[in-house]
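# Summary of structural features
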Amino acid sequence: MDRDWIATAKTLSEALPYLQRYSGAVVVVKFGGNAMGDAAAMAEFARDIVLMRQVGVNPVVVHGGGPMINEMLGKLGIESRFVRGKRVTDQATVEVVEMVLTGLVNKRIVQAIMDEGGRAVGLSGKDDDLMVAEADDPELGFVGRPVEMNVQVLRDLFEAGIIPVVAPVATGMDPNETFNVNGDTAAGAIAGALQADRLLLLTDVSGVKDASGEVVTQLSPEQVRQMTADGIIAGGMIPKTETALAALDEGVRAVVILDGRLPNAALLELFTEHGAGSIIRS
Ligand code: X2W
């Protein structure tokens, strides 16, 4: 045998308690632009999501696409900069953000899920008023902070066996407005509104690291606050841990920050004893 089929069967058997635990659970998965990688990585991610759905989980994919937005802005000669991890977004930029996220990136993920045999429907925060935002900070222009969530459409899709794929673009209180929402923030708001069992933030780092650079596998909100005050949690990790703390406050049971580049990262986290990355819960 060129493969250990007995071990494969054992792995499946060992997954039973986890499959039972997560049957009917709502799991929001943030799929960041940096975790998307090539077509093979996209297909593998899609396969994991389809498997989750197949075993009775209700997954919601919330995606980013920062690198793809950068590429299109570059082609159009529009300059872009980030302040505290968020893209300063003027009118021209928000149009490109909406086109790239809701068009290109969203449909790629929807297609990848369908290629693996799942049913997926793409939507943005504008559809059915899923996510209504207001300006986060005047300095950032059309960057939105979600203020009102209407997640019934996601429940309707769960009911129909369809996997929702959400682009982090929101409508404003004035319905003619469009806001660019950070993908992590959008995923946290959706997970909070759904009272999700898990929020998985798939990124390109292995988790929250301590002062010596080791990944901390389990963290309480208090530890996260302390590590942030001590400057151990810094830079690009801050929006993720802030999202995690806000989501826990809103009733999400646990948030996991994990390396989306690991093969089958989401399955490893949900369906094995091992887990992956850093889990934050009270
Ligand atoms: C992000 C939205 C996309 C995103 C942006 O314009 O890049 C803000 O910064 P990643 O791939 O998850 O970084 N929005 C306000 O979050 O993409």
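Quick look at the structure, then. (Residues numbered from 1 in each chain as written. Predicted model: local features only at pLDDT ≥ 70, side-chain atom pairs only at ≥ 80, totals over all residues. Heavy atoms only, no water.)

When we look at burial in helix H5 (residues 66-75), the residues that qualify are Met68, Ile69 and Leu73. Angularly, the buried residues of H5 cover 135 degrees about the axis, an arc narrow enough to put them on a single face. When the buried face of H5 is taken as reference, the exposed residues oriented beyond 90 degrees from it are Gly74 and Lys75. On its buried side, H5 packs onto helix H3 (33-36), strand S4 (86-87) and helix H6 (91-115). Phi turns positive one or two residues past the end of H5, at Gly77, with a value near 70 degrees. (Buried < 20%, exposed > 50% of the residue type's maximum accessible area, 1.4 Å probe, protein only. Helix = DSSP H or I, 4+ residues; strand = E, 2+ residues; numbered from the N terminus. Arc of directions from axis to C-beta. Contact = heavy atoms within 4.5 Å.)

With that settled, the discussion passes to the packing of H5 against H6. Relative orientation of the contacting elements H5 and H6 amounts to 125 degrees, with a least axis distance of 9 Å. Taken together, the axes of H5 and H6 lie oblique to each other. Relative to H6, H5 is oriented so that their crossing is right-handed. Mapping the contact onto sequence places Met68, Ile69, Met72 and Leu73 in H5 and Thr93, Val96, Val97, Val100, Leu101, Val105 and Arg108 in H6. (Axes fitted to C-alpha atoms, helices over the stretch in contact; angles between N-to-C directions. Parallel < 35°, antiparallel > 145°, perpendicular 65-115°, else oblique. Left-handed = near helix turned anticlockwise from the far one by under 90°.)

Moving on: the sheet that holds strand S10 (residues 178-180). Overall, mixed pairing links the four strands, which are arranged S7-S6-S9-S10 in an open sheet. The open sheet is flanked by strand S7 (144-149) and S10, the only strands paired with a single partner. Strand-to-strand twist of the sheet, defined as the mean angle between neighbouring strand axes without regard to direction, takes the value 50 degrees. Pairing of strand S6 (residues 131-135) with S7, which is carried by five bridges, proceeds in the antiparallel orientation. (Pairing = 2+ DSSP bridges.)

Neighbouring the ligand are 15 residues; Lys30, Gly33, Gly65, Arg87 and Gly183 lie closest to it. Gly65 is positioned with one of its backbone polar atoms (N or O) 2.9 Å from an oxygen atom of the ligand. Between the ligand and Arg87 there is a distance of 2.7 Å, counted from an oxygen atom to a side-chain nitrogen or oxygen. In the complex, the protein chains occlude 90% of the 430 Å² of accessible area that the ligand would expose alone. Contributing elements (two or more residues each) for the shell around the ligand: H5 and S4. The dominant element in the shell around the ligand, judged by the number of residues it contributes, is H5, at three residues. Here the shell around the ligand is composed, by residue class, of four nonpolar, eight polar and three charged. (Near = heavy atom within 4 Å. Polar contact = N/O pair within 3.5 Å; in protein donor to acceptor, adjacent residues only side chain to side chain. Areas by Shrake-Rupley, 256 points an atom, 1.4 Å probe, with all protein chains shown as cover. Nonpolar A, V, L, I, M, F, W, Y, C, P; charged D, E, K, R; others polar.)

Let us now look at the environment of Asp174. Counting through the fold element by element, Asp174 comes out in the loop between strand S9 (169-172) and S10. Each C-alpha atom of the pair Asp174 and Glu134 lies 9.3 Å from the other, and the pair is 40 residues apart in sequence. Within the structure, Asp174 has its side chain in polar contact with the backbone nitrogen of Asn176 (distance 2.8 Å).

On the surface, Asp127, Asp128, Asp129, Glu148, Asp156 and Glu159 cluster together into a patch of negative charge. Tracing the chain through its elements places Asp129 in the loop between strand S5 (120-124) and S6. (Patch = residues over 30% accessible without salt bridge, like charges linked within 9 Å, V, L, I, M, F, W, Y side chains within 5 Å. Salt bridge = Lys/Arg side-chain N within 4 Å of Asp/Glu carboxyl O. Lys, Arg positive; Asp, Glu negative; His and termini not counted. Charge placed at Lys NZ, Arg CZ, Asp CG, Glu CD.)

Unusually for a residue other than glycine, Asp128 sits at a positive phi of about 55 degrees. With respect to the helices and strands, the residue Asp128 is situated in the loop between S5 and S6. Residue classification places Asp128 among the exposed residues on the basis of a relative accessible area of 53%. Phi at Gln195 takes a positive value of approximately 50 degrees, unusual for a residue other than glycine. Summarising the element assignment, Gln195 is placed in the loop between helix H8 (183-194) and strand S11 (198-203). Assessed through its relative accessible area of 46%, Gln195 is described here as partly exposed.

Moving on, we get to the pattern of salt bridges. Across all of its chains, the model carries twelve salt bridges by this definition. Here Lys75 ties to Glu71 by a salt bridge, and the two come within 3.7 Å at their closest N and O atoms. Taken as a pair, Lys75 and Glu71 lie in helix H5 at a separation of four residues, close to a single helical turn. The exposure class of Lys75 is exposed, given its relative accessible area of 62%.

Here we come to the sheet that holds strand S13 (residues 254-259). Reading across the sheet, the eight strands line up as S5-S8-S2-S1-S11-S13-S14-S12 and stay open at both edges, with mixed pairing between neighbours. Only two strands of the sheet have a single neighbouring strand rather than two, namely S5 and strand S12 (218-219). Two elements, strand S1 (residues 26-31) and S11, share five bridges in a ladder whose sense is parallel. Residue pairing for S11: Phe31 is matched across the bridge by Leu202. Its contacts with the sheet place helix H7 (residues 152-159) against S1, strand S2 (58-63), S5 and strand S8 (163-167), and it is angled at close to 150 degrees to S8.

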